[in-house]
Each structure stands twice: as C-alpha cells, then as structure tokens.
Amino acid sequence: MENFIYIPIIFLGLIILISSLFIVKQQTAAVIERFGKFQSIRHSGLQIKIPLVDRIAGKLSLKIQQLDVIIETKTLDDVFVRLKVSVQYMVIKNKVYDAFYKLDYPHEQITSYVFDVVRAEVPKMKLDDVFVKKDDIALAVKAELNDAMLDYGFDIIKTLVTDIDPDAQVKAAMNRINASEREKIAAQFEGDAQRILIVEKAKAEAESKRLQGQGIADQRREIARGLEESVEVLNRVGINSQEASALIVVTQHYDTLQALGEETNSNLILLPNSPQAGSQMLNEMVASFTASNQIGEAMKNAQKKKED
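Here goes a summary of the coordinates provided. (Residues numbered from 1 in each chain as written. Predicted model: local features only at pLDDT ≥ 70, side-chain atom pairs only at ≥ 80, totals over all residues. Heavy atoms only, no water.)

## Comments concerning the overall build of the chain
Assigned secondary structure in the chain consists of 8 helices and 8 strands. Within the chain, the fraction of its 308 residues that count as buried is 23%. Considering only contacts within the chain whose residues lie at least 6 apart along the sequence, 63% involve residues at least 24 apart. About 22000 Å² of surface is accessible on the chain, with carbon and sulfur atoms providing 56% of the total. (Helix = DSSP H or I, 4+ residues; strand = E, 2+ residues; numbered from the N terminus. Buried < 20%, exposed > 50% of the residue type's maximum accessible area, 1.4 Å probe, protein only. Contact = heavy atoms within 4.5 Å. Areas by Shrake-Rupley, 256 points an atom, 1.4 Å probe, with all protein chains shown as cover.)

## Quick look at the sheet that holds strand β7 (residues 80-91)
With respect to topology, 3 strands assemble into an open sheet ordered β6-β7-β8, the strand pairing being antiparallel. Only two strands of the sheet have a single neighbouring strand rather than two, namely β6 (65-74) and β8 (154-166). Here the strands of the sheet are splayed against their neighbours by 20 degrees on average, with no regard to which way each runs. The pairing of β7 with β8 spans 11 bridges and is antiparallel. For V91, the partnering residue across the bridge sits in β8 and is F154. In the packing of helix α3 (residues 106-121) onto the sheet, the strands contacted are β6, β7 and β8, and the crossing angle to β6 comes to about 35 degrees. Across the sheet, helix α5 (residues 134-149) touches β7 and β8, and the angle it forms with β8 is around 145 degrees. (Pairing = 2+ DSSP bridges. Axes fitted to C-alpha atoms, helices over the stretch in contact; angles between N-to-C directions.)

## Quick look at the packing of α3 against α5
Packing of α3 against α5 leaves a shortest axis separation of 9 Å and a crossing angle of 140 degrees. In terms of axis orientation, α3 runs oblique to α5. For the pair α3 and α5, the sense of crossing is right-handed. Across the interface between the two elements, Q109, I110, Y113, V114, V117, V118 and E121 from α3 touch I137, A140, V141, E144, L145, A148 and M149 from α5. Here the residues of the contact of α3 with α5 sort into 11 nonpolar, 1 polar and 2 charged. (Parallel < 35°, antiparallel > 145°, perpendicular 65-115°, else oblique. Left-handed = near helix turned anticlockwise from the far one by under 90°. Nonpolar A, V, L, I, M, F, W, Y, C, P; charged D, E, K, R; others polar.)

So this is what it looks like as structure tokens:
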C-alpha cells in the first residue's frame, strides 16, 4: 500500500524533470525569462531551466535571412519604376538581447529604411542610369541599414537590386529605340560594305583599262614597227613608199576578209565587197598618196619663194 503512495510522487517528479529540460537547435538562440524578467540566452544543445519559474520567451534564428522589398518610385526623367531590393541580414550572436527586445517587427523596420533610401536615391537618376547604377543604389541601402540596424542587433550582410521594372509603355518605347539604333548601325555597315565594293570595283576597272590601254599601245607600236620593216623590204626591190603603203593596206584588207570567212556566225558586212575592190582600192590609194606628195612639194616651193 505504501508503494502505491510513492507512484504519484515519482510521476510528478518525472514531469518536473522533463519540463526542466529543453533542446535548442543549431544556429538558434533561446531567450529565457524568470518571472517575466530576462534571465539568460541559451544556444544550441540540451539546456535546463527551472520549471514553473523560468520560461522560454522566444527563439531567434542566427541564420542568414532574406527580405524582398518592392518599391515603386519615380526617376529624374519622370518615369515610374518598380524596384525589387533583396536584403540579406542576420542576428548578431552576441546581440540576441537587443534583437529580441528592441524590435518587435524587424521586417517592417528594414522595409521602412529601404523605402527611405531608394526613394531618396532613384529620383536623382534618369531611367538609363538606374539600370547602370543599380549597384550604387544597393550600396547606399546597405550603408544606411548597417548604421541603423546595428544598434538593434542585426548585421546587414548584403543588399541587391534584383529587378527593375519600368512601366510597360516605357519598356516598349525602350525596345523600339534599341531596335532603331540597331537598324541604323546595320544600315551603316551595309552602306560601308557597298561603298567598299564600289570603290574596289572602280579600282579594278581602272586597272583593267590601264592594262588594256597599255596592251593596245604595245600592239600598235609593234604594228608600226612591222609596217616600217615591210616598207623597207619593199623599197629594196624597187617599190616606192607610196606603193608599198598601198600594198600593205590591201594585204590587210584581204587578211580581214579571210578572218571574217573563218567565222561562220559572223554578220559583219564589209564595204566595198566586190571582186574588183582590191585593185580599185590599190589604185585609189596610190593616186591619193601621189597627189598628197605633189601638194606637199608645191606648198614647200611656194613657202621657199615667199621667203626669198
């Protein structure tokens, strides 16, 4: 009978013992109060408190946390833009008391500071500068938050401007401007390419004409040299220069006819083209050469008499 009396006592003792033990997880701090007054801060592991006297007032995570704040503000060029600022922060291990008792809602406090800084910095910038200098905005937010939140036991690890979202019409206008600039650059490159092609083509044609002219000049020089040698050969056999020149012209005339005859698809008509054309041409050329020599001699004699 006496053994049954101790059972409730033992059971009560076990309940008191169990209630005096508690576990704090890794990267967590527990705040212990005694009769409503701060008693101590307990860190990870198995901890003991006085039952019915001490209580766990709360727990704080010592991990890095992230708070995303979306702010709508206006730029210097009167464009409304939405920015998403991500704040990474953590409770300082040796300032758990300040973080727990000085702030009831740290998220609201951090959000207020972010709004204040962003709405002070962005209106100083044009929209294009907001995109370019987003890191400057993040640094300004971090500096302001560090000064303000350090006294409350929070360390601001990093701030990031993760999104910049202008009005839809502004984005469409920016895309059109970008497309126009790219089309302009493409047109300039195409124009430069065409100009280079034209210049190079002109250079090639000029070089071709130069070489063609040089070839024609060389050809005519060789023809003249050949005619000179032919006239000298004919002079040696008693044919004078006028007759030799006429004979060479007639010979070239027949060479031309022979070359035309070898081309089956030629539609060239050479006039005169009668069988007597060669002899007639020879006689006329000899007569014209003779007449021109006589006229030249007469002019020389007249000039000589005038001088005398």
